[in-house]
Amino acid sequence: MDIKDKFFAHIEEGYTTKGDFIIMGSAMLNGETITDAHVKIPLKTLNRHGLIAGATGTGKTKTLQVIAENLSDKGIPVLLMDLKGDLSGLAKPSPGHAKIDERHAKIGNLPFTPKAFPVEILSLSEQDGVKLRATVSEFGPVLLSRILDLSVTQEGIVAVVFKYCDDNKLPLLDLKDFKKVLQYATEEGKKEFSDSYGRISTSSTGTILRKIIELEQQGAELFFGEKSFDVEDLTRIDENGRGYINIIRLTDIQDRPKLFSTFMLSLLAEIYDTFPEQGDTGRPELVLFIDEAHLIFDEASKALLNQIESIVKLIRSKGIGVYFVTQNPTDVPDAVLSQLGLKVQHALRAFTAKDRKAIKLTAENYPISEFYDTKEVLTSLGIGEALISALDEKGRPTPLAATMLRAPMSRMDILTDSELKEVIDKSKLVGKYNETIDRESAYELLNEKIEKAEKLAAEEKSSSSSRSTRSSSRRTSTRQNPVIKVLTSATFIRGVLGVLKKVMK
């Protein structure tokens, strides 16, 4: 058996699957594609999370696109973070190309069929699309404190604020509500808070307010509020049995990582709290792809990283797969990286000593292979080629395979403005979520409470002043005129009578 036949058998054995799967492409050896040596990913392992990494321009986004398309075709909904704006093309079929035909001929037994996919455009900002919102109450004190990177003392104050609002039926919907309660706790309601919950430090509330303002400056006021997005709407299936590909347009928040990480953590927490335990059903319920994942981790505090790590570990049991897309695996913390079952590694570039060190570390994350020098392959892969290591149906790492990846069936480009409008106009969710609701909440109720208290205080002051005036008036009216007092005195009367007697004699 020559080396090619041995390698083919090695791949066939390692990627054999009895269940449903998606084909990523065909394995390569010494730069040559081994036709029909298909690299397959079992659907039942896609809730074990994954990583798509590689230098700029090596094809990470197209790999993401390929996996999303195949999941949709299998009836599995997908959520994509589109920070560069180049994923909207999933809504239109590929125009095809001679190079695509050539690629698929090398892969073998994998026809290329142009397709459009059911797409929902979502938005965190003022861009067009279904608006994503969540209330402050839904965040809860712990998650909000993690986002704001608060101290233990400050976390305690946030917990007290939430407790006060629960006790007094004050809805915390947006950041305006939360700020109002914080101010009330150290001003008009200082005694009320002190009597019921203990004294609250003005300096601590001031720090919390400043951190909320920092979050607002990144556009968070657009995210906090109603109507809250129901994560169940991410799991819709179209009339043809294909899962919706939900694309969150984030092209205008690349410079606002705090908002991005706030949203991502809240979304993962909401999905974890909402979705039921699934067990081993053989396929994921929802798969999330987080593009430019370093934006989450670069700005995250230790507490926030711990929260992300915990959710990534636990959310798998809900049938949710989370895939991080970034330039270098070192962008993802080791604690998270160790949880990722599928690794698709595109080429890395060795321009500096630091780059070479990163390549060495990356190579050590993959299974040892008798067919590859992993460090060398990492720097020699072409566009649309990647090293792949997945999990088989028993949860074991599959053989390392340099892979020529299949081409996306949808358009590898962005939609025009008119095409984008067409997709949004067809949406059934726009009408559900794009109406801005500002119902009576903590801000309005506390202002009303303060106004009533001030009005009552003014009335009491006015009443007190009126009583004082009337009392003074009564005292003045009962005081006898001095002249009358003299004329009516007994001494004066006796004197007058004495004079009259003398006159009469």
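Looking at an unreviewed UniProt entry, one finds the protein chain named Helicase HerA-like C-terminal domain-containing protein and attributed to Arenibacter troitsensis.

## Let's talk about the pattern of salt bridges
If you walk through the whole model with that rule in mind, you get 20 salt bridges. For Asp 425, the salt bridge goes to Lys 421, with nearest N and O atoms at 2.8 Å. Within this pair, Asp 425 and its partner Lys 421 are both found in helix 15 (residues 417-425), separated by 4 residues, close to a single helical turn. For the pair Asp 425 and Lys 421, one class covers both residues: exposed. Three or more residues are tied together by salt bridges with common partners; here these are Lys 84, Asp 291 and Glu 292.

## So, the layout of surface pockets
Empty pockets left among the atoms are what a rolling probe the size of a water molecule brings to light. Its volume calculated, the largest pocket comes out at about 680 Å³. As for the largest pocket, its lining consists of 31 residues, and the residues nearest its centre are Lys 62, Arg 103, Ile 383, Gly 384 and Met 412. Secondary-structure elements contributing two or more residues to the lining of the largest pocket are helix 2 (60-73), helix 3 (98-107) and strand 12 (401-405). Of the residues in the lining of the largest pocket, the class split is 9 nonpolar, 11 polar and 11 charged. Of the pockets and cavities examined, the second largest pocket occupies roughly 400 Å³. Residue lining of the second largest pocket: 19 residues in total, with Phe 117, Pro 118, Val 119, Tyr 244 and Lys 426 positioned closest to the centre. When contributions to the lining of the second largest pocket are tallied by element, the ones reaching two or more residues are strand 5 (119-123) and helix 15.

## Observations concerning empty space enclosed by the protein
Inspection of the entire model under this criterion finds 2 cavities of 30 Å³ or more. What lines the largest cavity is Ser 261, Met 264, Leu 265, Leu 268, Ile 290, Ile 296, Ile 308, Val 322 and Phe 324. Broken down by element, the lining of the largest cavity gets its largest block of residues, 4 residues, from helix 9 (residues 257-274). The residue inventory of the lining of the largest cavity, partitioned by class, reads 8 nonpolar, 1 polar and no charged.

## With respect to a negative patch on the surface
There is a patch of like negative charges on the surface, built from Glu 187, Glu 188, Glu 451 and Glu 454. Inspection of the secondary structure puts Glu 454 in helix 17 (residues 442-478).

## So, the environment of Lys 92
Of note, Lys 92 is situated in the loop between strand 4 (78-82) and helix 3. On the accessibility criterion, Lys 92 (18% relative accessible area) is buried. In this structure Lys 92 touches Lys 115, Ala 116, Ser 410, Arg 411, Leu 415, Glu 419 and Glu 422, once residues within four positions along its chain are discounted.

## Some words on the side chain of Thr 362
For Thr 362, the position within the fold is in helix 13 (residues 353-363). Owing to a relative accessible area of 1%, Thr 362 belongs among the buried residues under this scheme. Among residues more than four places away in sequence, those in contact with Thr 362 are Asn 328, Pro 329, Gln 345, Leu 348 and Leu 378.

Reading the values: rules and limits
- Residues numbered from 1 in each chain as written.
- Predicted model: local features only at pLDDT ≥ 70, side-chain atom pairs only at ≥ 80, totals over all residues.
- Heavy atoms only, no water.
- Salt bridge = Lys/Arg side-chain N within 4 Å of Asp/Glu carboxyl O.
- Helix = DSSP H or I, 4+ residues; strand = E, 2+ residues; numbered from the N terminus.
- Buried < 20%, exposed > 50% of the residue type's maximum accessible area, 1.4 Å probe, protein only.
- 1 Å grid on protein atoms, 1.4 Å probe; cavity = no way out; pocket = protein on both sides within 12 Å on 5 of 7 lines; lining within 4 Å.
- Points joined across faces, edges and corners; volume = space filled by probe spheres on them.
- Nonpolar A, V, L, I, M, F, W, Y, C, P; charged D, E, K, R; others polar.
- Patch = residues over 30% accessible without salt bridge, like charges linked within 9 Å, V, L, I, M, F, W, Y side chains within 5 Å.
- Areas by Shrake-Rupley, 256 points an atom, 1.4 Å probe, with all protein chains shown as cover.
- Lys, Arg positive; Asp, Glu negative; His and termini not counted.
- Charge placed at Lys NZ, Arg CZ, Asp CG, Glu CD.
- Contact = heavy atoms within 4.5 Å.

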